[in-house]
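Residue-level structural notes
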Amino acid sequence: MFTTAIAGSLPKPAWLAETEKLWPQWTTQGPELQQAKADATLLWIKAQEDAGLDVIGDGEQARQHFVHGFVEQVEGIDFVNKVTMGIRNNRYDAQVPQVIAPLRLKGRVHAFEAQLARAHTQKKLKFTLPGPMTIVDTVADRFYGDKVKMAMAFAELLNQEALALQADGVDIIQFDEPAFNVYMDEAADWGVKALEVAARGLTCTTAVHICYGYGIEANNKWKETLGHEWRQYEKVFPALAKSSIQQVSLECMHSHVPMEMMKLLECKDVMVGVIDVANPAIETPEEIADTIGRALQFVPKNRLIACTNCGLAPMSRAVAEAKLKALAEGAKLASQRYA
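Predicted, not measured: the structure shown is a model, and the values here were computed from it. (Residues numbered from 1 in each chain as written. Predicted model: local features only at pLDDT ≥ 70, side-chain atom pairs only at ≥ 80, totals over all residues. Heavy atoms only, no water.)

Time to look at the overall build of the protein. Looking only at helices and strands, one finds 10 helices and 11 strands in the protein. In terms of overall size, the protein behaves like a compact globule, its C-alpha atoms giving a radius of gyration of 19 Å where 339 residues would be expected to give roughly 20 Å. Counting only C-alpha atoms and orienting by the principal axes, one finds that the protein spans roughly 55 × 45 × 40 Å. For the protein, with 339 residues in total, the buried portion stands at 59%. The contacts in the protein between residues at least 6 apart in sequence include a share of 77% that link residues at least 24 apart. When the 35 basic and 42 acidic side-chain charges of the protein are each reduced to a single mean position, those positions are 2 Å apart. (Helix = DSSP H or I, 4+ residues; strand = E, 2+ residues; numbered from the N terminus. Rg over C-alpha atoms; globule rule 2.2 N^0.38 Å. Buried < 20%, exposed > 50% of the residue type's maximum accessible area, 1.4 Å probe, protein only. Contact = heavy atoms within 4.5 Å. Lys, Arg positive; Asp, Glu negative; His and termini not counted. Charge placed at Lys NZ, Arg CZ, Asp CG, Glu CD.)

Let's shift gears to the pattern of salt bridges. Counted by the stated rule, this structure contains 18 salt bridges. Across the pair R200 and E156 runs a salt bridge whose closest N-O atoms are separated by 2.7 Å. Of the two residues, R200 is situated in the loop between α6 (184–198) and β8 (205–209) and E156 in helix α5 (residues 147–167); the sequence distance between them amounts to 44 residues. Judged by its relative accessible area of 41%, R200 falls in the partly exposed class. When salt bridges with common partners are traced through the structure, they connect E229, R231, E234 and E260 into a single cluster. (Salt bridge = Lys/Arg side-chain N within 4 Å of Asp/Glu carboxyl O.)

Moving on: helix α9 (residues 285–295). Taken together, the buried positions of α9 are I288, A289, T291, I292, G293 and A295. Looking at the buried residues of α9, the elements they touch are β10 (269–275), β11 (304–308) and α10 (317–337).

The next point concerns the nonpolar core. By size, the foremost hydrophobic cluster in this structure holds 107 residues, and its most contacted members are F70, L103, F154, F237 and L240. Considering each element in turn, this core owes the most residues, nine residues, to α5. In this structure L240 touches V192, L195, V208, I210, V248, L265 and K268, once residues within four positions along its chain are discounted. By size, the runner-up hydrophobic cluster in this structure holds eight residues, among which are V55, A207, M271 and C307. (Core = buried A, V, L, I, M, F, W, Y, C linked by side-chain atoms within 4.5 Å.)

Turning next to the packing of aromatic side chains. Overall, the coordinates contain two aromatic pairs when judged by the stated rule. The interplanar angle of 85° and the centroid separation of 5.0 Å between the aromatic rings of F143 and Y144 together place this pair among those described as edge-to-face. Judged by relative accessible area, which is 41%, F143 ranks as partly exposed. Looking at Y144, the relative accessible area reads 16%, which means it is buried. (Phe/Tyr/Trp six-rings, centres within 6.5 Å; stacked < 30°, edge-to-face > 60°.)

In this structure, E60 takes a positive phi of about 55° despite not being glycine. Here E60 is to be found in the loop between β2 (55–56) and α2 (68–71). Accessibility expressed as a relative area gives 4% for E60, which makes it buried.

A word on the sheet that holds strand β3 (residues 74–87). Strand order in the open sheet made by the three strands is β3-β4-β6, with mixed pairing throughout. Each having just a single partner strand, β3 and β6 (140–141) make up the two edges of the open sheet. Pairing of strand β4 (residues 92–105) with β6, which is carried by two bridges, proceeds in the parallel orientation. Following the sheet pairing, V99 is matched in β6 by D141. (Pairing = 2+ DSSP bridges.)

Within α6, the axis deviates most sharply at W190, by approximately 45°. Inspection of α6 places A187, W190, G191, V192, A194, L195, V197 and A198 among the buried residues, and these make up the whole buried set. Buried residues in α6 make contact with α4 (132–136), α5, β7 (172–176), β8 and α8 (233–241). (Bend = angle between axes of the 7 residues up to and from the residue.)

So this is what it looks like as structure tokens:
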């Protein structure tokens, strides 16, 4: 009864890249790297299917980072002379490229991995793209001088690639917008509008993923400052409820997000995070079913999708595999319990 899916990223095998890192370095290059990316993508497609998930993703195996994997294929960005910049409202510093000229796609961005994934699974295929606001928060502007203008420029490029991914046979296109939980007023003001531009003309299912970040130290420390209730979703969910985006994800497992926030997403499918990405402990099916049960107080059964809180990229491969199995088992138990 309950569809299962991952938020997006999965750990990279040691033969592809450094392990348990958010910005891993590739272990090889050239044709060997391309083959390694393909092999890792196929490995995780098989792992997701073996675990029993309903919606399959590529695990973002061909991208070093969920944002930079896209912007690497954009003209007008200087990747050679990176600068240190505080991102997510200075939560942590990162080495980021600089926007130095008008933005334009060099060509297709994710055709290789999307077409590979589509050819190797009969299940629904979801593909993730970074959202415009989050891209803007992860590059240094040396050209536009206006973050809204730059966000709209990126949104147009995202739209080009999203339409191409749809033509590749992708069933669900998801835009990842962790920045929505940081710049709440701006997200409600222009962030959702930029998202609408990125999704313009799509006839496949559209989704937005909004989380409290990967399970890295900087994010975990930030969460400790948010108090006993995390109400960031309260600002942007009403704007998303009015948008054309069909699915919205939120973080629930071991978080302080009040479940009542889901009531703000009327008529949307809700991807309920039931897997903690900041803790290597494997959730039990009972824990997952309990979380789904609490969410059902605010979301109809036919609109609830069991998902991970965020990406699993910085975790170990063994832990990620176990969590995928737990996700499927927990959703199955919930289906039996709440039928």
